[in-house]
Amino acid sequence: MTTPVLELHEVSFTYPGGVTALDGFSAGITRGRRTAVLGRNGSGKTTLFSLLNGLKRPQKGVIKLNGEPLRYDRQGLLKLRQAVGMVFQDPDSQLFSACIYEDISFGPLNLGLPEAEIRNRVDKALTQMKLTDVANRPTHALSFGQKKRACIAGVLAMQPHVLILDEPFAGLDPVMAKEFMVVLDQLHQDGTSLIIATHDLDLAYAWADDVIILQDGHLLTQGKASEQLVLPSVHNELGAAPLVAELGRVLALTGTDVYGNGYHPRTGTELVQALIHQSRQEIDP
Ligand SMILES: Nc1ncnc2c1ncn2[C@@H]1O[C@H](COP(=O)(O)OP(=O)(O)OP(=O)(O)O)[C@@H](O)[C@H]1O
Ligand SMILES: [Mg+2]
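Please read all numbers here as calculations on a predicted model, not as lab measurements.

This brings us to the site of ligand 1. Near ligand 1, the surroundings consist of 13 residues, among which Y15, A21, K45, T46 and T47 are the closest. Of the residues forming the shell around ligand 1, the biggest block, 3 residues, is contributed by helix 1 (residues 45–52). Tallied by class, residues from the shell around ligand 1 come to 3 nonpolar, 9 polar and 1 charged.

Moving on: the domain arrangement of the protein. The assigned domain composition of the protein is domain 1 (6–241) and domain 2 (242–285). Between the C-alpha centres of domain 1 and domain 2 there is a distance of 33 Å. Residue-level contacts link 8 residues of domain 1 with 8 residues of domain 2. In terms of residue count, helix 7 (residues 201–207) provides more of the side of domain 1 that touches domain 2 than any other element does, 4 residues in total. Looking at the side of domain 1 that touches domain 2, its residues break down into 6 nonpolar, 1 polar and 1 charged.

Compared with an ideal rise of 1.5 Å per residue, which puts 14 residues at 20 Å, helix 4 (residues 115–128) spans 20 Å between its outermost C-alpha atoms and is within 8% of the ideal. Buried residues belonging to helix 4 abut helix 3 (100–110), helix 5 (144–156) and helix 6 (174–189). One or two positions beyond helix 4, positive phi appears at K130, with a value near 55°.

As a further point, take the sheet that holds strand 9 (residues 210–215). Backbone-to-backbone hydrogen bonds join strands into a sheet, with any given pair of strands oriented parallel or antiparallel. Taken in spatial order, the 6 strands of this open sheet run 6-7-8-3-9-10, and their pairing is mixed. Taken across any chain shown, the strands that pair with only one partner, and hence form the sheet edges, are strand 6 (84–87) and strand 10 (218–224). When strand polarity is set aside, the average angle formed by the axes of neighbouring strands in this sheet is 15°. Lying over the sheet, helix 1 contacts strand 3 (34–38), strand 6, strand 7 (162–166), strand 8 (193–197) and strand 9, oriented at roughly 150° with respect to strand 7.

So, on to unusual backbone geometry. Phi is positive for N66, close to 50°, though the residue is something other than glycine. With respect to the element layout, N66 can be found in the loop between strand 4 (60–65) and strand 5 (68–69). The partly exposed category is assigned to N66, around which 13 C-beta atoms lie within 10 Å. If you check the backbone angles, E167 has positive phi at about 50° while not being a glycine.

Attention shifts here to the sheet that holds strand 1 (residues 6–14). What the 4 strands build is an open sheet, ordered 2-1-4-5; its pairing is antiparallel. Looking along the sheet, the strands with just one partner apiece sit at the ends: strand 2 (20–29) and strand 5. Of the strand pairs in this sheet, strand 1 and strand 4 are connected by 5 bridges, and their pairing is antiparallel. Bridge pairing in strand 4 links H9 to V62. Those strands touched by helix 1 are strand 1, strand 2 and strand 4, and its axis lies near 120° from that of strand 1.

Basis of the calculations
Numbers given to residues run from 1 along each chain, matching the order in which its sequence is written. All chains are assigned letters beginning with A, and all ligands numbers beginning with 1, in the order in which they are written. Where totals are concerned, whole chains, interfaces and linings use all residues; where local detail is concerned, this predicted model gives features only for residues with pLDDT of at least 70, and gives and counts side-chain atom pairs only at 80 or more. Placing a C-beta atom from the backbone of each residue, we mark the residue near a molecule or strand if the atom is within 6 Å of it. Each helix is a run of DSSP H or I of at least 4 residues and each strand a run of E of at least 2, with the numbering of both proceeding from the N terminus. Charged means Asp, Glu, Lys or Arg here, nonpolar means Ala, Val, Leu, Ile, Met, Phe, Trp, Tyr, Cys or Pro, and polar covers whatever is left, Gly included. Each domain's extent is set by a domain assignment, obtained either automatically or from a database. A pair of residues counts as a contact when their C-beta atoms, built from backbone coordinates, are separated by no more than 7 Å. To estimate how far a helix should extend, the number of its residues minus one is multiplied by 1.5 Å. Pairing between strands is defined by DSSP: at least two bridges between them are needed. Fitting a line to C-alpha atoms yields each axis, with helices limited to the stretch in contact; the angle taken between N-to-C directions then spans 0 to 180 degrees. As a rule, residues whose C-beta atom has 12 or fewer other C-beta atoms within 10 Å are exposed, those with 20 or more are buried, and those in between are partly exposed; C-beta atoms are placed from the backbone.

See below:
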């Protein structure tokens, strides 16, 4: 078995006020895969991400990157942040420069890269996130979605091996969300490990290879999205089921097995294709 790119062993984290956000939490992230982290409000997703990025340090337990325990000295944190990029849930807590061009340049500049390389990376990230026109506008004069995209661009410019995104689609319009999905697909093809927190179960079912589901600071379950997101216990905890999974279940009850031949439709389009395929077989077996 290959070493997980990130792993947590019995990790606990309690905030200074006394709230225990994670309690003996263990999970692993497989390299090169798309992982969705799910859980109700306050279940610990953002805390988990801050721990994976070294922003917070667990009081108990061990976190490993590529099999090596995280180091919290300057050198160790620099190495970690180079490998693991993080986009926060709230863009205002991530942007600190007068304009987003400066903000996106900050990371590559800190890596000590040559000027031309920095310019290339920043221009590419601005183009990917459709921000070129507002690159020099004051940061405070941008819309929420533009700020969110600027945070994503800042992390893309670092070219990390692991990209962690906390609710990346919240606040993006449908056109931008689709375009961002294309950017994520490209990163996935290039071998980047992608981790997103989301409350959108349809998106998780369609996009993720793996899921990690938190329940009140504990791991409820982890595994393949196609296997976990059809479980009634998961639906109970999250308060909903992915629509395609639900339709598949109802169709099975009425005698139509859309999961025949090992095919697992993950989107509405795939489900319709599976149904058309089946009806053609019934007409012309
Ligand atoms: N700065 C903080 N100080 C004290 N407690 C905190 C702090 N941040 C979060 N918590 C608490 O830790 C627990 C986990 O919060 P966290 O933000 O990790 O949840 P989440 O799963 O990301 O929720 P959401 O879906 O709302 O984003 C919650 O009980 C929350 O109230
Ligand atoms: Mg959160």
